[in-house]
Amino acid sequence: MENILGTNGLIFNEPLLWEKSTPGRCGVSIPKQDVKESLLDPELTGEAPDLPELSEIDVVRHFTRLSQWNFGLDSGMYPLGSCTMKYNPKTNEVQASRTGLANSHPLADEDVSQGALKMMYNLERHLAEVTGMDAVTLQPAAGAHGELTGILLIHAFFAKIGKQRSKIIIPDTAHGTNPASGALCGYTPVNIQSGEKGVLTPEIVAEVMDEDTAGIMITNPNTLGLFEENIKEVADIVHAKGGLVYGDGANMNAIMGIVKPGDIGIDVLHLNLHKTFSTPHGGGGPGAGPVCVVKKLEPFLPVPRVEKNGETYTLTEDRPDAFGRMLTFYGHFDVLVKAYSYLLSMGPDGLKLASQLAVLNANYIKESLKDIFELPYDRDCMHECVFSDKKQEKYHVATLDIAKRLMDYGYHPPTIYFPLVVHGSIMIEPTETESKEDIDQFIAALREIAEEAEKNPEILHSAPHIAKVSRLDEVLAARKPCLRG
Ligand SMILES: *Cc1c(COP(=O)(O)O)cnc(C)c1O
């Protein structure tokens, strides 16, 4: 285990603050009182609230220790496929915390919010440029929320032309949120299978596309990490029957600066700012899922919209065809600032290079590991590659064991058992921000694990060994969650 990075170091058991409480202990020194004690509210019975009694150092240590149990991008590589867990430059955090932006208030008058409105307006224009689309809303709070917005736009479009449709096509390589978003808006998902190359074929789309189908939701690059090379033809088929093409652009990190979704037939697309555009992802939010549309869908975009009149920026609700709003105010403003800062600091060449490196890194991992892990689709991949546990089956080692063992080596496990089209899938997305040395170390760890699978499978079955908690009973954990720590 030469390549082990993980360490159990000095890890303390950490009881709840209530369990550490010592009666009479306090975090601040209060001067001796010189007035008679009296209750704040005479209606109260006099019983003190059940708050832990602790000193300042107790509290500082408690939270510092808890933070050390955590694993994040600032601690190490996080190769979680379909999630783009890349390093987010700290400068973007600095810009978002500038007083003028951080303290701006959504209810402040427009004349004192010109800077914030201008930033939002410009961000919309930049995202339109990157995606090749005509108009953008920054409101949605996340990727799936962007999908809902996008499908509501499609719904509003068909409502306006007076002929609603009932179905929506979803390929098997779409992200799992896609069928849910379609169904939430009342469309029946029609599932189709990708061809043997792991991408859509025009034939299969032509077979199911009809005039009662609102369109298709395509994740591109798809969840196998492959570029949908027939997308233009697929879009033509859908358009010929009056349908619309929804693009799930959460994986934009693979193609920004290289492919514009607007050029390949996409009518509506969401982005995940908390994947591609410098908001850390996976911490439970906030995020942002802007939705970009072609001209004919613009009238339906949620209100309010930022408008520019001369050099003045205003917010308008006066848009009769808008379907409503998706969020209070205008979206998660701090996430928008970080994306704007990221776009300006990277510039067009920087964005393109980021995508190129993301793709290079994934292909490097794919080529370096395909002799030891089954690679179901052995083709050039985009930003992520998908292996399976097929070669380890004979040692009775499964994907879950490999993922758990990686934790002992100091890595967050990759995405596992997704996408569903690959049995026992292991989906690795290194991103552009990992150096070659770090990626080589990750590859070495996985090679060592593959060797362990052959020679000492037990060590994998009971992994992780040096993590804070070892193998959990996942069914029990889901059914009877222990919320007390
Ligand atoms: C992450 C992701 C989503 C969902 O985004 P959330 O912000 O988690 O709702 C949708 N589609 C794809 C392809 C994704 O990778």
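K.L.:
Provide a residue-level description of the pairing of strand β2 (residues 167-171), including the pertinent values.
P.N.:
Residues in a regular strand point their side chains to alternate faces of the sheet. Of all five residues in β2, four are buried; the element is thus mostly enclosed. Where β2 and strand β3 (residues 188-192) come together, five bridges link them in parallel fashion. Within β3, the residue paired with Ile 169 across the bridge is Val 190. Taken together, β2, helix α7 (residues 177-184) and β3 form a β-α-β motif whose crossover is right-handed.

K.L.:
An account of the domain arrangement of the protein is requested, with residue identities and associated values reported.
P.N.:
Split by domain assignment, the protein resolves into domain 1 (91-346) and domain 2 (348-479). Each of domain 1 and domain 2 has a C-alpha centre, and the two are 30 Å apart. The tally of links from domain 1 across to domain 2 stands at one salt bridge. Glu 229 serves as the salt-bridge partner of Arg 379, at 3.0 Å between the closest nitrogen and oxygen. There are eight residue pairs in polar contact (both at pLDDT 80 or more) connecting domain 1 and domain 2. Classifying every residue of the side of domain 1 that touches domain 2 by side-chain character gives 14 nonpolar, ten polar and four charged.

K.L.:
Go over the environment of Met 85, please, and point to the residues and values.
P.N.:
Positionally, Met 85 belongs in the loop between α2 (56-69) and α3 (90-96). When its relative accessible area of 4% is taken as the criterion, Met 85 is described as buried. Between the C-alpha atom of Met 85 and that of Gly 72, which follows or precedes it by 13 residues, the distance is 9.1 Å.

K.L.:
An account of the site of the ligand is requested, with residue identities and associated values reported.
P.N.:
Taken together, 14 residues form the shell around the ligand, and within it Gly 143, Ala 144, Asp 248, His 274 and Lys 275 come nearest. Gly 143 has a polar backbone atom sitting 2.8 Å from an oxygen atom of the ligand. The side chain of Lys 275 places a nitrogen or oxygen atom 2.7 Å from an oxygen atom of the ligand. In isolation the ligand exposes 380 Å². Once the protein is present, 87% of that is buried.

K.L.:
Describe a negative patch on the surface, listing the residues and the values that go with them.
P.N.:
On the surface, a cluster of negative charge is contributed by Glu 203, Glu 207, Glu 233 and Asp 236. Elements represented by at least two residues in the negative patch include exactly α8 (202-208) and α9 (231-240). The residue Asp 236 is located in helix α9 in this model.

K.L.:
Could you give an account of the packing of aromatic side chains, naming the residues involved and the relevant values?
P.N.:
The tally for this structure, following the rule as stated, stands at eight aromatic pairs. Ring geometry for Phe 373 against Phe 387: centres 6.1 Å apart, planes inclined by 55°, an arrangement best described as tilted. Taken together, the residues span a long stretch of sequence, with Phe 373 in the loop between α11 (333-369) and β10 (385-388) and Phe 387 in strand β10 at a distance of 14 residues. Summarising the burial analysis for this pair, Phe 373 and Phe 387 share the class buried. Members of the aromatic cluster, each reached through a chain of ring pairs, are Phe 157, Phe 158 and Phe 300.

Criteria and thresholds
- Residues numbered from 1 in each chain as written.
- Predicted model: local features only at pLDDT ≥ 70, side-chain atom pairs only at ≥ 80, totals over all residues.
- Heavy atoms only, no water.
- Buried < 20%, exposed > 50% of the residue type's maximum accessible area, 1.4 Å probe, protein only.
- Helix = DSSP H or I, 4+ residues; strand = E, 2+ residues; numbered from the N terminus.
- Pairing = 2+ DSSP bridges.
- Right-handed = clockwise from strand over helix to strand, strands pointing away.
- Domains from an automatic or database assignment.
- Salt bridge = Lys/Arg side-chain N within 4 Å of Asp/Glu carboxyl O.
- Polar contact = N/O pair within 3.5 Å; in protein donor to acceptor, adjacent residues only side chain to side chain.
- Nonpolar A, V, L, I, M, F, W, Y, C, P; charged D, E, K, R; others polar.
- Near = heavy atom within 4 Å.
- Areas by Shrake-Rupley, 256 points an atom, 1.4 Å probe, with all protein chains shown as cover.
- Patch = residues over 30% accessible without salt bridge, like charges linked within 9 Å, V, L, I, M, F, W, Y side chains within 5 Å.
- Lys, Arg positive; Asp, Glu negative; His and termini not counted.
- Charge placed at Lys NZ, Arg CZ, Asp CG, Glu CD.
- Phe/Tyr/Trp six-rings, centres within 6.5 Å; stacked < 30°, edge-to-face > 60°.

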